[in-house]
Amino acid sequence: MLLNWTVMILYNYFSAVFVGPGYVPLGWTPEKSQDCMYLQYCKVCQSYKAPRSHHCRKCNRCVMKMDHHCPWINNCCGYQNHASFTLFLLLAPLGCIHASFIFVMTMYTQLYNRISFGWSSVKIDMSAAKRDPRPIIPFGLSAFAASLFALGLALGTTIAVGMLFIIQMKVILTNKTSIESWIEEKAKDRIRYYQTGETFIFPYDMGSKWKNFKQVFTWSGIPEGDGLDWPVRDGCHQYSLTIEQLKQKADKRVRSVRYRAVEDYSGVCCPVTKGVEIFFTTPCTEEPRIALSKGDLILATRGLKHWMYGEKILDSAADGGIRERGWFPRKCVEKCQYDSETDQPVDGEKKNR
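Residues numbered from 1 in each chain as written. Predicted model: local features only at pLDDT ≥ 70, side-chain atom pairs only at ≥ 80, totals over all residues. Heavy atoms only, no water.

### Some points on the pairing of strand 10 (residues 297–303)
By the criterion of burial, strand 10 is predominantly enclosed, with 6 of the 7 residues buried. Bridge analysis of strand 9 (residues 257–261) against strand 10 gives 4 bridges, and the strand direction is antiparallel. What sits directly across from R260, in strand 10, is L297. Judged from the 5 bridges that link them, strand 10 and strand 11 (residues 307–313) form a sheet pairing that is antiparallel. Across the sheet, residue I298 finds its bridge partner in strand 11, namely K312. What sits between the antiparallel neighbours strand 10 and strand 11 is a turn of 3 residues. (Buried < 20%, exposed > 50% of the residue type's maximum accessible area, 1.4 Å probe, protein only. Helix = DSSP H or I, 4+ residues; strand = E, 2+ residues; numbered from the N terminus. Pairing = 2+ DSSP bridges.)

### Notes on a nonpolar patch on the surface
A surface patch of nonpolar side chains, amounting to about 680 Å² of accessible area, comprises L2, F101, I102, V104, M105, Y108 and Y112. Tracing the backbone through its elements, the reader meets I102 in helix 2 (residues 82–112). By relative accessible area, I102 is classed as partly exposed at 34%. (Patch = residues over 30% accessible without salt bridge, like charges linked within 9 Å, V, L, I, M, F, W, Y side chains within 5 Å. Areas by Shrake-Rupley, 256 points an atom, 1.4 Å probe, with all protein chains shown as cover. Salt bridge = Lys/Arg side-chain N within 4 Å of Asp/Glu carboxyl O.)

### A word on the packing of helix 2 against helix 3 (residues 141–172)
Running from N to C, helix 2 and helix 3 point in directions that differ by 150 degrees, and their axes come no closer than 8 Å. Taken together, helix 2 and helix 3 sit at an angle that is classed as roughly antiparallel. As helix 2 runs across helix 3, the sense of the crossing is left-handed. Along the lines of polarity and charge, the residues of the contact of helix 2 with helix 3 split into 22 nonpolar, 8 polar and no charged. (Axes fitted to C-alpha atoms, helices over the stretch in contact; angles between N-to-C directions. Parallel < 35°, antiparallel > 145°, perpendicular 65-115°, else oblique. Left-handed = near helix turned anticlockwise from the far one by under 90°. Nonpolar A, V, L, I, M, F, W, Y, C, P; charged D, E, K, R; others polar.)

Now the structure itself:
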């Protein structure tokens, strides 16, 4: 049984690695040209972003139904490998629980046969068993230490990977991804902030956990659909989610604040020369840092106490300019007095996440 766990774990792991998430074809456009107004355009892939797709900076491609980029599989979790990745998250803890049981019972039986109870002390003789004949595999001090270390690894893997499996199942049963859950939360924040009175309904929830489950897990192992067109619930538009993304992107531009760099910043993760507080409060995220030179213009969209996140304007030709996004120290910039975007505080300062 332990070998079966191992085979299934490795099969699903390598399936998630080598099958990949599935990418939006380069140069993709919707069948109806008028639908382009509902979609974002990716300058890197030279194509429109299909519904539920997002551009991954690590893979440098637009990923279909992207959930996240996983460093452990060195790939994205998306449309084609979501089932394999989730099965790996399920089987790995089950296999580790089985292995933990074996380790615990092995150490218990071996130690039990080596314990001597005296009037005033308990002694453990690891050289040989007291009651049973010598085992086929000698169990000495080194074997005990190795078993104890392996037990710790198995229990740690069970807890860590098991929590990831629970998180994945929560989003799968609502037919969402981790990114789409975040988009839905931001939609509620946007509606509450502006008090528009509108209601955002997630369009891909089929209303049944079983139907949502079958969107990812199939008997053939091939997910339903083609990764570009998705069934939506009654009353929702095919591009309801992408329309909400465009609204959030426009709102982000409106509430951004223009800053000018007053100090150089090399773009390192933990800058030593910028102070102790900045060094120890660096954002714990995979998002990049951007290097700054004195005089650079940045549109800040959110911020922490000592750090800010924004887009460096490389081409000042209005919105069509190319921008580089990332974190930078707050002390390296100052707010422009001629801020053309808005005169309000950075949204991240008011709604820290």
